[in-house]
Amino acid sequence: MEKNKEIFIFYLSERGRGLAEVVSSYFDRANLIKLDSSSKEKIEKSWRKGNTLIFIMALGIVARFCKDFIRGKEFDPGVIVIDEAGNNVISYLGGHYSEINKLTLELATYLLAHPVITTASDNLNLPPLDLWIKEHGFIMKNPQKLYEVMSKFNETKILKVFLEEGLNFPLLAGIIKTENIEEADIVITYKKREGDKLFLIPKCLYAGVGFHEVLSEEDFERLFKEAFEEASLEFLALRGVATLDKKANYLPLKNFCLKHKLELLGFNKEKLSEVKTISHSEEALKNLGIASVSEAASLLASKGSLILPKRVYKDFTLAISLKPFEKKGKLFVVGIGPGAKDLLTLKALRVLTQVSAVVGYKTYIKQIFSLVKNKEVYEFSMTQEVDRVKKAIELCLSGKDTALVSGGDPGIYGMAGLVIEIIQKNKLPLEVEIIPGISALNIGNALLGAPLGNDFAVISLSDRLTPWEVIERRLSALSDTDLPLVIFNPKSRGRKAQFERALSILRMKRPPETAVAIVNSASREDEEIILTTLSELPSERIGMNSLLIICGSDTQVLGKFLVAKRGYERKYGGEYEICASHL
């Protein structure tokens, strides 16, 4: 969803208002409006501005209110309907074009509701073709062909695309590049072509021009169209115009560029003279002190390659260059928490619905699959961390925003460090953002009360990356302290002896009655909490999904909770008593 769009939430009853307030808390800012007899005018005003509309009421009411405003996906805003009980979040209009399907998934996850999305590609787990076209700014030469091509994609899950020479755009999963234009379903081109294909025109050409200041805006219109027609190039592919800096202020040229929403760039003589060109103009050298204006300007503007050398017309020269695709995707390293959807952070939720591709360990992908099923998803097995990172980087370098998911928090025994190491090792100019998640120690601590309410230490017993000798030395030193110890990765099918050795160290260094908590599969269906002591700790109940907390001497059992006391009672104990009148 575009960031500059306002959010308007309409409700019908007080019950609806309560839910509207909850929904509004998801956004930085939202407008709440009670639906009444005067609301149709407010809805129409918001509709025409393209704002996002959310209705807390029955779908039928919304359909009747909005039926007169609906014109088409290019014009209609995004509309979501939520029933007053908050059970269903319905993507009503703008599923792809206004990115409402994404917002529907986000809100449904936020409300723990059921997302209702009826677009065919989403239900077939296919990427949205129309949104891909919009994101890349392609102009559809024959938009009536889109629905036929989308229908074929939904049926076959495969499309073939022909890319004109010099073009290189990241393709959706299921879209295959072909060198044979005749077998293509989609043709991405800057050339004039005809046929029964969906033709997509990228804004990728820069025209360099030289001219005498006798030309009118109409002259520029005629000359540009004539030059593009002669060269069999699509005028729609023109992205910008470049010339000598002092010529860029010529009003008829400025008006021509404004009319067609073109960039207008001016370069000084020094810059232009540095560019190697094909053509050489004695007149330009004599009058301006440089041998080329049009070719040099187009090459500087495009930072690409010349596809149309200088052409000379009366009082006007023109050359055209092709701008290469340069976008690099952003890499998000996303902590998805311990597994439960309601423990996924809002930031993580938003990132997962916005990116184009998702990479991760197959178990983690399974936990978030309902949010990412329509994206490019790459699953890996355990121990393939380097392969995961390299795949995520590869996707970003191809131009796709990518989420590399990591269980818990990516910076705590997660993927964040490895990502940074590999990017720095290869000196890659990639933008990276680490999205924190709820770690196993956070959820374990919460389930148990507050056994980590004071100072504590954390250690992993996995020796796959850290030598066991180092782990044992650290564990021995930590066991000499009175700190509560959080133990990650205590045991797996292939690592049993290490845990028994760790247990013997702990039993040598700490009293047998030391409280121990075992948290298995925190926040998942098979969640289990075991409270025991160091001497009676049941090794057979511990596995790879276990988290152990070895308590310190200041930890007390208070009811069903473990609490590491911080000293509040010592300092404020006299204030603990609650007046009987409040009981």
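Above this note sits the structure.
An account of the accompanying structure is given in this report. (Residues numbered from 1 in each chain as written. Predicted model: local features only at pLDDT ≥ 70, side-chain atom pairs only at ≥ 80, totals over all residues. Heavy atoms only, no water.)

1. Description of the overall build of the chain
At step 1: Across its full length, the chain carries 20 helices and 29 strands.
At step 2: What you see for the chain is a C-alpha radius of gyration of 31 Å, clearly larger than the 25 Å of a compact globule of 583 residues, by over 25%.
At step 3: Taken along its principal axes, the extent of the C-alpha atoms in the chain is 100 × 65 × 50 Å.
At step 4: By the burial criterion, 49% of the 583 residues in the chain qualify as buried.
At step 5: For the chain, the exposed surface amounts to about 28700 Å²; the carbon and sulfur share of it is 51%.
At step 6: Positive and negative side-chain charges in the chain, numbering 79 and 75 respectively, have mean positions lying 1 Å apart. (Helix = DSSP H or I, 4+ residues; strand = E, 2+ residues; numbered from the N terminus. Rg over C-alpha atoms; globule rule 2.2 N^0.38 Å. Buried < 20%, exposed > 50% of the residue type's maximum accessible area, 1.4 Å probe, protein only. Areas by Shrake-Rupley, 256 points an atom, 1.4 Å probe, with all protein chains shown as cover. Lys, Arg positive; Asp, Glu negative; His and termini not counted. Charge placed at Lys NZ, Arg CZ, Asp CG, Glu CD.)

2. A closer look at the side chain of Lys-330
At step 1: One can find Lys-330 in the loop between strand 16 (316–322) and strand 17 (331–335).
At step 2: Residues within four places of Lys-330 in sequence aside, it is in contact with Cys-396, Lys-400, Asp-401, Thr-402, Glu-431 and Glu-433. (Contact = heavy atoms within 4.5 Å.)

3. Observations concerning the pattern of salt bridges
At step 1: Under the counting rule described, the total for this entry stands at 36 salt bridges.
At step 2: Note that Lys-391 is salt-bridged to Glu-394, the shortest N-O span being 3.1 Å. Of this pair, Lys-391 and Glu-394 are both found in helix 15 (residues 385–397), three residues apart, which corresponds to roughly one turn of the helix.
At step 3: Using a relative accessible area of 46% as the deciding quantity, one classes Glu-394 as partly exposed.
At step 4: A single salt-bridge network, built from bridges that share partners, covers Lys-141, Lys-192, Glu-194, Glu-229 and Glu-234. (Salt bridge = Lys/Arg side-chain N within 4 Å of Asp/Glu carboxyl O.)

4. Section: helix 4 (residues 100–111)
An α-helical turn contains 3.6 residues, so any two residues separated by three or four positions project in the same direction.
At step 1: For helix 4, built from twelve residues, the straight-helix expectation of 16 Å at 1.5 Å per residue is met to within 8% by its first-to-last C-alpha distance of 16 Å.
At step 2: Across the twelve residues of helix 4, eleven count as buried, placing the element largely inside the fold.
At step 3: The set of residues buried in helix 4 consists of Ile-100, Asn-101, Lys-102, Leu-103, Thr-104, Leu-105, Glu-106, Leu-107, Ala-108, Thr-109 and Leu-111. (Expected span 1.5 Å × (residues − 1).)

5. What about the sheet that holds strand 28 (residues 555–558)?
At step 1: Taking strand neighbours across the sheet as the criterion, the three strands line up as 22-29-28 in an open arrangement whose pairing is mixed. Edge positions in the sheet fall to strand 22 (449–450) and strand 28, since each has one partner strand and no second.
At step 2: With two bridges connecting them, strand 22 and strand 29 (residues 561–564) associate as parallel partners. Bridge pairing links Ala-450 to Val-563 in strand 29. (Pairing = 2+ DSSP bridges.)

6. Quick look at the nonpolar core
Within soluble globular proteins, side chains that are nonpolar tend to cluster in buried spots.
At step 1: Residues Leu-129, Ile-188, Phe-224 and Phe-316 are the most contacted members of the largest nonpolar core, which totals 51 residues.
At step 2: Not counting the four nearest positions on each side in its chain, Leu-129 is found in contact with Leu-146, Val-149, Met-150, Leu-159, Leu-172, Ile-175 and Ile-186.
At step 3: Counting residues in hydrophobic clusters, the runner-up holds 38 residues, among them Ile-9, Ile-336, Val-358 and Leu-371. (Core = buried A, V, L, I, M, F, W, Y, C linked by side-chain atoms within 4.5 Å.)

7. A closer look at a nonpolar patch on the surface
At step 1: Judged by side-chain polarity, Ile-412, Tyr-413, Phe-456 and Val-458 come together as a nonpolar surface patch covering roughly 320 Å² of accessible area.
At step 2: Residue position: Val-458 is located in strand 23 (residues 457–460).
At step 3: Note on Val-458: relative accessible area 30%, which makes it partly exposed. (Patch = residues over 30% accessible without salt bridge, like charges linked within 9 Å, V, L, I, M, F, W, Y side chains within 5 Å.)

8. Digging into the pairing of strand 19 (residues 376–380)
Remember that side chains alternate between the two faces of the sheet whenever the strand is regular.
At step 1: Bridging between strand 18 (residues 357–361) and strand 19 involves five bridges; their strand directions are parallel. Residue pairing across strands places Val-359 opposite Tyr-378, the latter belonging to strand 19.
At step 2: Each parallel crossover has a hand, and the one from strand 18 via helix 14 (residues 362–372) to strand 19 is right-handed. (Right-handed = clockwise from strand over helix to strand, strands pointing away.)

9. Some remarks on the packing of helix 1 (residues 14–24) against helix 4
At step 1: Where helix 1 contacts helix 4, the two axes come as close as 11 Å, and the packing angle between them is 110°. With respect to their mutual orientation, helix 1 and helix 4 come out roughly perpendicular. Taken as a pair, helix 1 and helix 4 cross one another with a handedness that is right-handed. When helix 1 is examined against helix 4, the residues Leu-19, Val-22 and Val-23 are found in contact with a partner set consisting of Leu-107, Tyr-110 and Leu-111.
At step 2: Broken down by class, the residue content of the contact of helix 1 with helix 4 amounts to six nonpolar, no polar and no charged. (Axes fitted to C-alpha atoms, helices over the stretch in contact; angles between N-to-C directions. Parallel < 35°, antiparallel > 145°, perpendicular 65-115°, else oblique. Left-handed = near helix turned anticlockwise from the far one by under 90°. Nonpolar A, V, L, I, M, F, W, Y, C, P; charged D, E, K, R; others polar.)

10. Quick notes on helix 7 (residues 146–156)
At step 1: Leu-146, Val-149, Met-150 and Phe-153 are the residues of helix 7 that are buried. All buried residues of helix 7 lie within an arc of 100° about the axis, which places them on one face of the element.
At step 2: Structurally, helix 7 contributes buried residues whose contacts are with helix 6 (129–135), strand 7 (139–140), strand 8 (159–163), strand 9 (175–177), strand 10 (186–188) and strand 11 (198–201). (Arc of directions from axis to C-beta.)

11. A few points about the environment of Val-358
At step 1: One can find Val-358 in strand 18.
At step 2: With sequence-adjacent residues up to four places away left out, Val-358 is seen in contact with Ile-365, Ile-368, Val-372, Lys-375, Glu-376, Val-377, Tyr-378, Ala-403 and Val-405.

12. Thoughts on the sheet that holds strand 12 (residues 205–211)
At step 1: Taken in spatial order, the five strands make up an open sheet running 14-13-12-16-15, and their pairing is mixed. Sheet topology places strand 14 (263–267) and strand 15 (305–313) at the edges, where each strand pairs with a single neighbour. The average undirected angle you get between the axes of adjacent strands in this sheet is 20°.
At step 2: Both strand 13 (residues 238–244) and strand 14 contribute to a ladder of five bridges, which runs parallel. Paired with Thr-243 across the two strands is Gly-266, which belongs to strand 14.
At step 3: Sheet contacts for helix 8 (residues 217–230): strand 12, strand 13, strand 15 and strand 16; angle to strand 16, the most-contacted strand, approximately 50°.
At step 4: Lying on the sheet, helix 12 (residues 294–302) is in contact with strand 12, strand 13, strand 14, strand 15 and strand 16; it crosses strand 16 at an angle near 30°.

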